[in-house]
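# Analysis of the macromolecular model
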Amino acid sequence: MILDIIESINEFIEPFKAWIEENHNNPFMWGGFVLIGIAIFAITYNALNKEH
C-alpha cells in the first residue's frame, strides 16, 4: 500500500521534473521559486508569531 502511494506520487511528479530539467537555465523560473519560498516563509512566520 505504501509503495503504491509512493509510485503514485512519483508518477505525478515526473512531468514537473521533466519541465524543470528543460527550463533549468531560466532565471525567471528560479526567481519565481525564490519569491514563492519567501512568501510561504513570511506567511508561516507571521502566523506563528502573532501576539495576543
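Fair warning: this is a prediction, and the values are worked out from it, not measured in the lab. (Residues numbered from 1 in each chain as written. Predicted model: local features only at pLDDT ≥ 70, side-chain atom pairs only at ≥ 80, totals over all residues. Heavy atoms only, no water.)

## Focus: the overall build of the chain
Scanning the chain from terminus to terminus reveals 2 helices and 0 strands. Compactness check: the chain gives a C-alpha radius of gyration of 17 Å against a globular reference of 10 Å for 52 residues, more than 25% above the reference. Overall, the chain is about 45 × 35 × 10 Å in size when its C-alpha atoms are taken along their principal axes. When burial is assessed residue by residue, the chain has 4% of its 52 residues classed as buried. Carbon and sulfur atoms make up 69% of the accessible area of the chain, which totals about 5,100 Å². (Helix = DSSP H or I, 4+ residues; strand = E, 2+ residues; numbered from the N terminus. Rg over C-alpha atoms; globule rule 2.2 N^0.38 Å. Buried < 20%, exposed > 50% of the residue type's maximum accessible area, 1.4 Å probe, protein only. Areas by Shrake-Rupley, 256 points an atom, 1.4 Å probe, with all protein chains shown as cover.)

## Details of the packing of aromatic side chains
Applying the stated criterion across every chain yields a total of 4 aromatic pairs. For the ring pair Trp30 and Phe33, a centre distance of 5.5 Å and an interplane angle of 80 degrees mean the geometry is edge-to-face. One end of the pair, Trp30, and the other, Phe33, are both in helix 2 (residues 27-48), 3 residues apart, so they sit about a helical turn from each other. Linked through ring pairs, Phe16, Trp19, Trp30 and Phe33 together constitute an aromatic cluster. (Phe/Tyr/Trp six-rings, centres within 6.5 Å; stacked < 30°, edge-to-face > 60°.)

## Overview of the environment of Ile40
Checked against the element boundaries, Ile40 lands in helix 2. Note: C-alpha distance between Ile40 and Ser8 (32 residues apart in sequence) is 26 Å.

## Some remarks on a nonpolar patch on the surface
Together, Phe16, Trp19, Trp30, Phe33, Ile36 and Ile40 line one region of the surface with nonpolar side chains, adding up to about 620 Å² of accessible area. Listing elements by their share of the nonpolar patch, those giving two or more residues are helix 1 (2-22) and helix 2. Ranked by the residues each element gives to the nonpolar patch, the list is headed by helix 2, at 4 residues. On the accessibility criterion, Phe33 (32% relative accessible area) is partly exposed. (Patch = residues over 30% accessible without salt bridge, like charges linked within 9 Å, V, L, I, M, F, W, Y side chains within 5 Å. Salt bridge = Lys/Arg side-chain N within 4 Å of Asp/Glu carboxyl O.)

On their own, these measurements won't tell you what the molecule is for.
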